[in-house]
Amino acid sequence: ATPAERLAEAERRIKEARETRAKGLDLGDLKLHQPPGSLGDLPALRELYLGAWGRTGTGELVWHRTTPKFTDLSPLANLQGLQTLDLESTGVSLQ
């Protein structure tokens, strides 16, 4: 998939998460270059997977084998209810 197609899929998942008030969202398999800005509009979100790990529909952890490299995490600033954030293999260091 092209970067534009991967971003479109991320936006589709974000829209679905917004509509269903989803508690978890996995975008780690999409190899995004940056987190989409629309992520900040998910007040119910508790778990966000952007890195190498994600969750299946049954809740099991899965390894995506992706290595996105993020430099700007500002789209996450409004996710005040977030409890789990996976950034493994993204190049981001939380200090």
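Before any of the text, the structure's been laid out above.
Residues numbered from 1 in each chain as written. Predicted model: local features only at pLDDT ≥ 70, side-chain atom pairs only at ≥ 80, totals over all residues. Heavy atoms only, no water.

Draft legend 1. Fine view of the environment of Arg13. Mapped onto the secondary structure, Arg13 falls in helix α1 (residues 3–20). Among the residues examined, Arg13 registers a relative accessible area of 18% and is labelled buried. Residues Arg13 and Leu25, 12 residues apart in the sequence, show an inter-C-alpha distance of 7.7 Å. Once residues lying within four places of it in the same chain are set aside, the contact partners of Arg13 are Leu25, Asp26, Leu27, Asp29 and Leu30. Within the structure, the side chain of Arg13 is placed 2.8 Å from the backbone oxygen of Asp26, a separation counted as a polar contact. (Helix = DSSP H or I, 4+ residues; strand = E, 2+ residues; numbered from the N terminus. Buried < 20%, exposed > 50% of the residue type's maximum accessible area, 1.4 Å probe, protein only. Contact = heavy atoms within 4.5 Å. Polar contact = N/O pair within 3.5 Å; in protein donor to acceptor, adjacent residues only side chain to side chain.)

Draft legend 2. Local environment of the pattern of salt bridges. Under the counting rule described, the total for this entry stands at six salt bridges. For the salt bridge of Arg12 with Glu9, the shortest nitrogen-to-oxygen distance reads 2.7 Å. Of the two residues, Arg12 and Glu9 are both situated in helix α1; the distance of three residues between them amounts to about one turn of the helix. Its relative accessible area of 24% is what places Glu9 among the partly exposed residues. Ionic pairing is found between Arg13 and Asp29, a salt bridge with its closest N-O pair at 2.8 Å. (Salt bridge = Lys/Arg side-chain N within 4 Å of Asp/Glu carboxyl O.)

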